[in-house]
Each structure stands twice: as structure tokens, then as C-alpha cells.
Amino acid sequence: MRLSSFFSSFIYLGIASATLLNLQTSADIGKKLINGNQFDYIIVGGGTAGLTLARRLSENSRTNVLVLEAGRSGVNDPLVTVPQKSFSFIATDIDWLYNTAPQVHANNQGINLSQGKILGGDSAVNGLVWCRPYRTDWDDFEKLGNPGWNWKNMYAAARKSEKVNSPQPQFAREYGYGVNPASHGSSGPVETSFPPFIPLQELKFINASLELGHDFNKDPYAGDNVGVWFGLSSQTSKNARETSEFAYLDPALHRPNLIVCSYALVTKLNVSNGPRDIVQSTGVQVRFPDGSTVTAKTNNGGEVVMTAGSVRTPQLLELSGIGNKDILQKHNVPVKVDLPGVGENYEDQTLTILTYKLKPGFLSFDALGYNQTLAAEQQLLYDTKRLGWLTFAQGVLNFAPAQTVLNKADLQTAQQLLKRKPASISQDAFDAIKDKVFSGVPQAEYILFNSFSGGPSKEPNTSYVSLAVTHLHPLARGSIHINTTSIDDHPIINPNVLDSDWDTWFLAKATAYGRKFFETSAFKEIFEPAEVFPGLQTQTQADWVDFIKKNVNLGYHSVGTASLLPRNKNGVVDANLKVYGTSNIRVADASVMPLLVSAHTQTTAYAIAERAAQLIQSSH
């Protein structure tokens, strides 16, 4: 470890502590720091997982850590910090602007797959949903061939990331939410909280769920998330969004052994041959905003850790010669490691939208667009007291097993459909999902979007609410592979949605079930009876199948493209997250998840990074 030269570089440049360097405005300093040092850890991607790792690995003052993030900081950006603005990042400068290839089973539509191009990654742009999966989901990681990747260890890692805030008594009394402290972390970096404002329609959603026979779950964070419940948000006690930048990086900025560069685009890994056909990375190529390229070098024994996400991690591996030799040779990329699993096993949750109009006198976030007085009042309330509408992103989650969504005859049909394994999924993964379906693990999620979120058009001066219906464990598997040898060209993103008959049939059934919420007395009190989207003319199973094929979306929960699996089962990383065939390249982001979980993926991403830090530290 060349710490003396590392620290002297800071002194030479007049920098007294660890630095967050904007390479757009501090290119010369960035080049001197990167050129003048060798690093114990080069972390490619400063997102949810990357900054978690940076914080943990730099706790050892004898190591030096470099983080390279292509996007900018989210500090003081209301687009990031204000909870109500979740998903407002789409089509802005902090969006990677991904879209899928035309989906042959979904009317050849391309589907938006926006992701956060920013420090904090998707934790800076997501819906702030903070939920953990059913216990079986994390246990299945281990059952697929990964010792130690089980509920017990992941749950410990997840709690290590969290600092739960108990709700203020007046809001707990008003809304009825609360936490069981034993199920949460109390001293981790990421603050989680209930918002101090819950829209009426969210409370009615609980009542509607209870009318339909769903259970209210008082403790959904300890391995059983079935039922309807108040979900925590990844937001602070001051009701601002919490991101990995704010939670993990900001408190570590005093560390002299950490450099974090924004606007630092990694174009490829430098990979060289090593002994016994094991290759090693000597560093990475970094392109600055001015177009110049600098090599960031690892020191002897140093590592490159990929945390660039499920799209860019496989893209960078392939551009560096690690992947399926047929794909690499097609693009004249020299093959360093023939690893066919790179970019494969790609999956995302599929999602549909139902939209209803609120009755006069009831309002959603749509009103902020047509009632300027209300918008000004709410902005002032947030700015001065951190209260009101702008503190809210989401509130109530409903996770339903197949036995809730399907009737007795449907369950018999499910048995028949699940006798056939689609070609794109492995037998082990198929068996795991089939077992989840029939053992009561949630298969559908229902969550309200507090605005018009689906449909051809909306009326002026009108408030709407949309219900998002998500298939949590689809069978379809797709791929993400390079299309050119340029990092600037997006790879071909093909989730292969609705490839499986089961996926199509179940999502249609789950979406049709979603209408039942609006037929309850609780929802009839506040919603107009006419369904805005798709409309009550959609009735039969064939109608619903036609609807989802035309309107299916993705849950923005991409996983699997660098799967944590045995190599002979198309794995990319081993149980220590090391890329097969390499000595010092690891992957530690959501791309290693071999299966989707019955939850949003944010908490799993943090848990993976916390566990990765432990594994890396114990190996040195």
C-alpha cells in the first residue's frame, strides 16, 4: 500500500481531507490524483452499492479507495431531496435514458428503463420504498449454490445499513403507523421514516384491503411481508430523501484515504493475463468530461469492484473482454475470460397500471399542477416546517400471495401452467419460483401512485390515483449485451417480458384482481365508479391479456446480469463475489442477484454491499 505517496498527493495539491472531486470543474486536480496514485480498491459506480462499499472499505485507514461515478452529486437538488418528486428525474440529466429492445411478446413495444446517473444511483431517484422480502427469497440465494447467502446473513447486513426513526406521537396517532424496533437497524447510515403526511386514499387503501380479506401486517420487516401495511420510506427525520450519497458518503468525506470523482466515465477495465489462466485487472480507463482519458491503477494486491448496476456492469465486463466469447468475437473484442453468464439471467418485475378519478373534494398530487395556491402553500409548508404533501412519496404496500389473487379454479390452472418450464430459465430457478407460488410467498404487489400515472389522456383540473400491479417473480429471462465497442452506445436491453405463459396469465389475473379494490365500499366513498384506464369494457381474461401486452411496464428492478451462481450454472461471480476466471475483479451490485425478491430491490442492494464489504475485508 503506497499510503505515503497517496497522502502526499493530497498535501501537494493543498487538500487536507478526502475529496469529492467534480471532474467537470476540477479536471487538472483529478488527473493528478488519479495519475499519481495506485489504489487498493477502485469502485466503478458511485450508486447505492458503490458508496456503501466506499464508506466501509475506507474505514480501514491503511487502504486507499477511489470511486468513479459518471453522474453528478445530488446535494441541494430538490429533484433528488424532495420525497414528492420521486421519479421526476426521468428524461433529465441524471437519467441514463435506457429503453428496452422491442418486446416481441408485448406488441413489439420498447419499454422505458430509466436509471439514476448520479451519486447515489437509484437510491437518489427511486420511489423511496423501503421494504424487505419474504424470508424464503434470501434463503433461495444460498439454495442456488451460494454458501452464506441466506436470510440470517442478509438480514444482519440489511439492519446494519439502517437507522429507523420511530414516528412522532401525533402522526402515529393520526395515521396508525408504527415500527417494531427489534426488526430494524438502529445505528446504520440510512435513515428510514414514515412521512408526516399520508393521503386519505392511502388510508382507504388499507380499509379496502381489509374488506377483501387481506391481513394487516404490523411487522413486515422480519421475514414475513404478506398483507397490507404501512411502508417506511428512505427519508430522514427532517423529511428529505435519504440516498447512499447523503447516508454513506457525506459522513466519510473527512477521510484522507478516499477519493470520489463525479463526471468520471469508466470506459473499460484493463485486464491482463495472469498465472493458471486467471486474469487480473491492473486498473480502469477513465474518461473526463473534456474527452481526455486517464488510467486509474490498482496497486499490487488491489481490486476493482464493479457497482455500475445491472445494465452497465455487464456492458463494461464485455467491453473489457469478459463474457461470452461468441459475443465478444462478433464485436472484435479480445477474449480474456470466456464467461457465458455475463449479461444473461436478466429479469425485471412486470407492472401494469389501473387509473381512477377521485370524486370532487378529494385531491391527489395532480392538484399541485392545476391549483397554484395549493402548490405555493405546500411548498412554503415544506420549506419552513418540512411538513405537508411534499414529504410524501409512498405510504401503503400490499403484498399478496397467489392464494389471495387466484380462486380455487385459477389455482388448478396455475398448477397446469407451472408444469412447463420456459427455456430461458434454469431448472433450479424455476423450481424455486414454483415453490414460492404454492407456499404463500407474495407474487403480486399493489401500491397506489398518488397521481394520474396511466392512460391515454386526463381531464384538466381533475385529481386521479393509479394502482400499480406488479408481478414479483416472473419466469421470463432476458439478456443485456453490447451492441458496439463504445461505452457511449447503450447495450441491447432485452428483458424478454411475457415470454412465459405463466407470466402473461398471472399478470392478467393480478391486474384484474386490482379492480376489486375499487369495488369496495372504502374506495367507493372517494372514487368515481367509472374506471379511467383501461375502462370497464375490459372484462374477460382475453381482454386483460390484450391490455397487458399493449401496456406492460417494468418495475425498475433489474437484476441477474452478473449472477451469483456456480460457474457451471451460468454464474458470473462466486460466493465471495469474485468474477470467475479473475483474481481481483468483483461485482457487488444488484446484478449479482440470481433471483428477484418479493420486494423493491433497494434494501437488498444495500445488504449486498454491506455483505460485500465484510467479504472483501476478511479476504485481506
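Residues numbered from 1 in each chain as written. Predicted model: local features only at pLDDT ≥ 70, side-chain atom pairs only at ≥ 80, totals over all residues. Heavy atoms only, no water.

Per an unreviewed UniProt entry, the protein is named pyranose dehydrogenase (acceptor), and its organism is Leucocoprinus leucothites. Turning to the protein, the UniProt annotation filed under Cofactor (unreviewed entry) states: "FAD". Per its UniProt entry, the protein bears the Sequence similarities (unreviewed entry) comment "Belongs to the GMC oxidoreductase family." (UniProt positions renumbered as here; feature names shortened; annotations may be inferred.)

Caption draft 1: Spatial organisation of the UniProt feature "domain: Glucose-methanol-choline oxidoreductase N-terminal" (unreviewed entry) in the protein. As annotated in UniProt, the feature "domain: Glucose-methanol-choline oxidoreductase N-terminal" (unreviewed entry) corresponds to residues 309-323 in the numbering used here. Secondary structure within residues 309-323 divides into 73% helix and 13% strand; the distance between the first and last C-alpha atoms comes to 16 Å. (Helix = DSSP H or I, 4+ residues; strand = E, 2+ residues; numbered from the N terminus.)

Caption draft 2: Up close: the packing of aromatic side chains. In total, this model carries 32 aromatic pairs according to the counting rule given. For the pair Trp 229 and Phe 399, a centre-to-centre distance of 5.6 Å together with 15° between the ring planes defines the contact as stacked. Residue Trp 229 is located in strand β7 (residues 227-230), and its partner Phe 399 is located in strand β16 (residues 396-401); the two are separated by 170 residues in the primary sequence. Overall, the relative accessible area of 1% leaves Phe 399 in the buried class. On the numbers, 4.9 Å between centres and 75° between planes, the contact of Phe 523 with Phe 527 is edge-to-face. The residues Phe 523 and Phe 527 share a single accessibility class, namely buried. Taken together through their ring pairs, the aromatic side chains of Phe 205, Tyr 356, Tyr 446, Tyr 513, Phe 517, Phe 518, Phe 523 and Phe 527 make up a single cluster. Residue placement shows Lys 117 over the ring face of Trp 96; its charged tip is 4.8 Å from the ring centre. If you follow Arg 159 out to its NZ or CZ, it ends over the ring of Tyr 155, 3.9 Å from the centre. (Phe/Tyr/Trp six-rings, centres within 6.5 Å; stacked < 30°, edge-to-face > 60°. Buried < 20%, exposed > 50% of the residue type's maximum accessible area, 1.4 Å probe, protein only. Lys NZ or Arg CZ within 6 Å of the ring centre and 35° of its normal.)

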